[in-house]
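Geometric and topological summary
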Amino acid sequence: MRLALISDIHANRQALDACLAHARQQGATQYAFLGDLVGYGADPAAVLDQIMVLAAQGAWVLKGNHDEMALTPPAPAAEVTLGSQGAQWTHEQLAPAHRDFLSDLPLTWPHEDMLLVHASADRPEAWRYVDGERAAGHCLDVAMASQQGAHVFVGHVHHQTLYYQGAGRLLMRFEPQPGVPVPVSPHRPWVVCVGSCGQPRDGDPRAMYTLYDRGARKLTFHRVAYNHAEAAAAIRRAGLPEFFAQRLERGR
């Protein structure tokens, strides 16, 4: 199995199309979407239409915090955050079928020795970030204690990182190079942050996704160029906050 792991699309149709095309070229045989399918971007309905088709064909799909927010937007009197600014707009773009699809999505997806989750395996509904060795270790401990898997894939942090069990007790952090396969042992636990397809935040506007070749036991963290100017222009045409468009152009 060659598993393409795509997360944090954030209604960015252009980035999703580019990552899917690239994954097909790499021989992906299974697709997994790790949540935050919508939010921030200008094409929530188009993105969900595409993912719903892939889900019907066997793709694995999880719910993220922005998907939850699009279902139940914050009340007007609630504290305004970046995430909540476009939630009501996104909600209004979705048809009942889209909302039903999002509502039915699971928070975790265990498969053999793997666990897929949008945020941390530690109370997935709390949307905790796996943003360092300690958080990754806690995520892994919970996954293993519940026998959900020793190899955990997460999104949510918008960066690509591998945390693996070395000789010591704490997990070790590895920063991958785009396109360079990384051997991973089936006998050592690890946590993988697969990156953001639709809203990178590391200063590089290229989309991210990760390919796991299960047979060869190799991870490849990909960066994919796409028309981020077109995606930013769509945000501006939709009347969404200007910062959302600038973020795509700057990649942070």
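In case you missed it, the structure is sitting above this.
If you're wondering where the values come from, they're calculated on a predicted model, not measured in any experiment.

Quick word on the environment of Leu34
- Examined against the element boundaries, Leu34 turns out to sit in the loop between strand E2 (30-33) and helix H2 (44-56).
- Distance in space between the C-alpha atoms of Leu34 and Leu5 is 7.1 Å, their sequence separation being 29 residues.
- When sequence neighbours within four positions are dropped, the list of residues in contact with Leu34 reads Leu5, Ile6, Ser7, Leu62, Leu116, Val117, His118, Phe153, Val154, Gly155 and Val194.

Quick notes on the pattern of salt bridges
- Under the criterion given, the structure shown has 15 salt bridges.
- Two residues, Arg128 and Asp122, come together in a salt bridge whose shortest N-O distance is 2.4 Å.
- Assessed through its relative accessible area of 35%, Arg128 is described here as partly exposed.
- Its relative accessible area of 12% is what places Asp122 among the buried residues.
- Close ionic contact of Arg173 with Glu175 constitutes a salt bridge, the shortest N to O distance being 2.6 Å.
- The exposure class assigned to Glu175 is partly exposed, which follows from its relative accessible area of 44%.
- It is possible to trace a salt-bridge network through shared partners that takes in Glu112, Asp113, Arg214 and Arg217.

Here's the deal with helix H7 (residues 133-145)
- Compared with an ideal rise of 1.5 Å per residue, which puts 13 residues at 18 Å, H7 spans 18 Å between its outermost C-alpha atoms and is within 8% of the ideal.
- Inspection of H7 places Ala136, Gly137, Cys139, Leu140 and Ala143 among the buried residues, and these make up the whole buried set. Here the buried residues of H7 occupy an arc of 160° about the axis, which is enough to place them on one side. Exposed side chains of H7 directed beyond 90 degrees from the buried face belong to Arg134, Asp141 and Ala145.
- The inward-facing, buried residues of H7 contact strand E5 (114-117), strand E6 (151-154), strand E7 (160-165), strand E8 (171-174) and strand E10 (190-194).

What to know about the packing of aromatic side chains
- In this structure the tally under the stated criterion is five aromatic pairs.
- Taking the centre distance of 5.0 Å and the plane angle of 80° together, the rings of Tyr40 and Phe244 count as edge-to-face. One end of the pair, Tyr40, is in the loop between E2 and H2; the other, Phe244, is in helix H9 (residues 242-250), and 204 residues separate them in sequence.
- Residue class for Phe244 comes out buried when judged on its relative accessible area of 2%.
- Arranged with centres 5.5 Å apart and planes meeting at 80°, the rings of Trp190 and Tyr212 form a pair that is edge-to-face. Of this pair, Trp190 sits in strand E10 while Tyr212 sits in strand E11 (residues 207-213), and the two are 22 residues apart along the sequence.
- Residue classification places Tyr212 among the buried residues on the basis of a relative accessible area of 0%.
- Among the aromatic residues, those joined into a cluster by ring pairs are Phe153, Trp190 and Tyr212.

Some remarks on the packing of helix H1 (residues 13-25) against H2
- Across the interface, H1 lies against H2 with an axial gap of 9 Å and an inter-helix angle of 30°. With respect to each other, H1 and H2 are oriented roughly parallel. For the element pair H1 and H2, the recorded crossing hand is left-handed. Note on element contacts: H2 touches H1 through Ala46, Val47, Gln50, Ile51 and Leu54, opposite Arg13, Leu16, Asp17 and Leu20.
- Within the contact of H1 with H2, the residues separate by chemical class into six nonpolar, one polar and two charged.

How each quantity is defined
Residues numbered from 1 in each chain as written. Predicted model: local features only at pLDDT ≥ 70, side-chain atom pairs only at ≥ 80, totals over all residues. Heavy atoms only, no water. Helix = DSSP H or I, 4+ residues; strand = E, 2+ residues; numbered from the N terminus. Contact = heavy atoms within 4.5 Å. Salt bridge = Lys/Arg side-chain N within 4 Å of Asp/Glu carboxyl O. Buried < 20%, exposed > 50% of the residue type's maximum accessible area, 1.4 Å probe, protein only. Expected span 1.5 Å × (residues − 1). Arc of directions from axis to C-beta. Phe/Tyr/Trp six-rings, centres within 6.5 Å; stacked < 30°, edge-to-face > 60°. Axes fitted to C-alpha atoms, helices over the stretch in contact; angles between N-to-C directions. Parallel < 35°, antiparallel > 145°, perpendicular 65-115°, else oblique. Left-handed = near helix turned anticlockwise from the far one by under 90°. Nonpolar A, V, L, I, M, F, W, Y, C, P; charged D, E, K, R; others polar.

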